[in-house]
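# Summary of the model geometry
Each chain, written out:
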Amino acid sequence: MLRAQGISDKFEHTRPNGEKYKTVVQSLHHYMSGENILYASVAYRSEDMVESWMNSSGHRANILNEDFEETGVGVYKEGKIIYCVQIFWTQ
C-alpha cells in the first residue's frame, strides 16, 4: 500500500526517496522482482486495469513470468484517482 501511495507523488519505478522500487522487496530478503504501476480515474474498473497491463508487453511479461513465485498488490486513492501497484518476486 505504501508503494501505491508513493507513486501518487512520483509516477515512476523509483521510490519517493530516489531508490529503485526493487529495494521494497530486497529489504524483505526477496530476490528477482518486477513491478507494474498504473493510475486511473476511480471509474476505471479493475477488469480494465488488468486488460491494460495484459495489452502491454512489459507488464504482461511480469504477470506471466513463471520465475516469480509471489505477488503483492497495493491500491491507493487520492481524490478521483486511484494508483495501483503489482510487485512480483521470488524468495
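The structure we're discussing is the one just above.
Criteria and cut-off values
Just so you know, the residues in each chain are numbered from 1, in the order the chain's sequence is written. Note on the predicted model: pLDDT of at least 70 is required for a residue's local features to be given, and 80 or more for side-chain atom pairs to be given and counted; whole-chain, interface and lining totals, by contrast, use all residues. No hydrogens and no water enter the side-chain calculation; it runs on all heavy atoms of the structure. Throughout this description, buried means an accessible area under 20% of the type-specific maximum (1.4 Å probe, protein chains only), exposed means over 50%, and partly exposed covers the range between. In this description a helix means any DSSP run of H or I spanning at least four residues, a strand means any run of E spanning at least two, and both kinds are numbered starting from the N terminus. Of all possible arcs, the one meant is that of the directions from the helix axis to the C-beta atoms. Here a patch means residues that are over 30% exposed by relative accessible area and free of salt bridges, tied together within 9 Å if like-charged and within 5 Å if nonpolar (Val, Leu, Ile, Met, Phe, Trp, Tyr). Areas reported as accessible are Shrake-Rupley estimates using a 1.4 Å probe. Residue values count occlusion only from the protein chains shown. Only one rule defines a salt bridge in this text: a Lys or Arg side-chain nitrogen within 4 Å of an Asp or Glu carboxyl oxygen. Neither His nor the chain ends is counted toward charge; the positive residues are Lys and Arg and the negative residues Asp and Glu. For this purpose, a charge sits on NZ of Lys, CZ of Arg, CG of Asp or CD of Glu. A pair of strands counts as paired when DSSP detects no fewer than two bridges linking them.

Below, the discussion takes up helix α3 (residues 46-54). Looking at α3, one finds that the buried residues are Asp-48, Met-49 and Trp-53. The arc enclosing the buried residues of α3, seen along the axis, measures out at 135°, which places them on a common side.

Taken together, Glu-66, Asp-67, Glu-69 and Glu-70 make up a surface patch of like negative charges. Position of Glu-69 among the secondary structure elements: in the loop between α4 (57-64) and β2 (70-78). Residue classification places Glu-69 among the exposed residues on the basis of a relative accessible area of 53%.

With that settled, consider the pairing of β2. Taken together, the nine bridges between β2 and strand β3 (residues 81-90) define a ladder with antiparallel strand orientation. The partner of Gly-74 across the bridge, within β3, is Val-85. Here β2 folds back onto β3, and the loop between the two strands holds two residues, one of which, Gly-79, carries a positive phi near 65°.

Here Gly-58 shows up in helix α4. Under the relative-accessibility criterion, Gly-58 is labelled partly exposed at 41%. Placed 23 residues apart in sequence, Gly-58 and Glu-35 show a C-alpha to C-alpha distance of 9.7 Å.

Summed over all chains, the structure comprises four salt bridges. In this structure, Arg-15 engages Glu-19 in a salt bridge whose closest nitrogen and oxygen atoms are separated by 3.4 Å. Classification of Arg-15 by relative accessible area gives partly exposed; the value is 24%. According to the relative accessible area criterion, Glu-19 is partly exposed, its value standing at 36%. Between Asp-48 and Arg-45 there is a salt bridge, and its shortest N-O distance comes to 3.3 Å.

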